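# Fold and contact review
This is what each chain is made of:
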Amino acid sequence: AQTVTQSQPEMSVQEAETVTLSCTYDTSENNYYLFWYKQPPSRQMILVIRQEAYKQQNATENRFSVNFQKAAKSFSLKISDSQLGDTAMYFCAFMKGVSNFGNEKLTFGTGTRLTIIP
Amino acid sequence: AAGVIQSPRHLIKEKRETATLKCYPIPRHDTVYWYQQGPGQDPQFLISFYEKMQSDKGSIPDRFSAQQFSDYHSELNMSSLELGDSALYFCASSFSGQGYSNQPQHFGDGTRLSIL
C-alpha cells in the first residue's frame, strides 16, 4: 500500500513571497503519478499540478512548480509570487500507474493549510 | 468547460435514514470515483466505476452501495445513516479508455451531508 506524508500542517507567508510545501511518499511501485490539489475555503478540489514518475523534468504550471526527487521519494510544491487567492488547503496525492487503460484511485496526504498574509 | 456536477450540494438527514447522492461526470469521461472527506480530514477513496462496472473498492461501508448508469452518471446510496457519516462526499471523473490511462481526476464541488 502507498502512503503519503505531509509534515507541515500549517504554513503562512507574506503576499508576493515564495513558499514551498513538502510531501514525501512511500511505494514499491515504479510506475506512478503524483499530484497537488488545492482546496480553498469554498471546499472545491482543484488540480494544481501533475508529475509523471518516469519523467525527470520537474512539472511547472505558471507560478507553481514541483521538486520531484524520485530516489528520496519527495515531491514538494513551490508557489512563487504568492497571491491572496492561493490561501487554501493543499493536498499531495499519489496514483499508481496502469499500463494500458483505466485509472487508479488517489491516495491523499493529510494536507497543509496555507495562509497568504496581505 | 463542463465540469463534474454533483447533487444535491447540501443534504441534511437524521440517523437511520437513507440518502442518495448523484454525480454527472464531465462529458466523455467513462470513469467515476467517490471520495469521503470527514471534517478536518483528507479525502478517502470509497469506490470507482469504469464503463459501468465497479473497478475498485476502498473503505466503503456495507451500508453504502453505488452504481454507474448507461449515461455514465453515478449514484451513491447510503442507508442506516450514522452520525459518523457526516462528511463532504466528492465525485471525480476521468477518461480512462484505450491509450488514455493515468489521466488526472477532476472533482465536483461535493455534497455536504449532515446527519442529525
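See the structure above.
In short, a report on the structure. Source: prediction; values computed, not measured. (Residues numbered from 1 in each chain as written. Chains lettered and ligands numbered in written order. Predicted model: local features only at pLDDT ≥ 70, side-chain atom pairs only at ≥ 80, totals over all residues. Heavy atoms only, no water.)

### A short note on the interface of chain A and chain B
Each side of the interface is counted separately: chain A has 25 residues, and chain B has 25 residues. Buried surface at the junction of chain A and chain B, summed over both partners, amounts to about 2,100 Å²; 49% is from carbon and sulfur atoms. For the pair chain A and chain B, the interface holds 1 salt bridge. Across the pair K105 of chain A and D56 of chain B runs a salt bridge, and its minimum N-O distance is 3.6 Å. (Contact = heavy atoms within 4.5 Å. Buried area = accessible area lost by both parts, 1.4 Å probe. Salt bridge = Lys/Arg side-chain N within 4 Å of Asp/Glu carboxyl O.)

### Quick look at unusual backbone geometry
Here the bond from S7 of chain B into P8 of chain B is cis, since omega is -10°, no more than 30 degrees from zero. Among the secondary structure elements, P8 of chain B is positioned in the loop between β1 (5–7) and β2 (10–13). One non-glycine residue with positive phi stands out, namely D81 of chain A, at about 50°. Assignment of secondary structure puts D81 of chain A in the loop between β9 (74–79) and β10 (88–96). (Helix = DSSP H or I, 4+ residues; strand = E, 2+ residues; numbered from the N terminus.)

### Some thoughts on the packing of aromatic side chains
Counted according to the given criterion, the structure contains 15 aromatic pairs over all chains. Aromatic rings pair up to connect F35, Y37, F91 and F108 of chain A together with Y35, F45, F90 and F107 of chain B into one cluster. (Phe/Tyr/Trp six-rings, centres within 6.5 Å; stacked < 30°, edge-to-face > 60°.)

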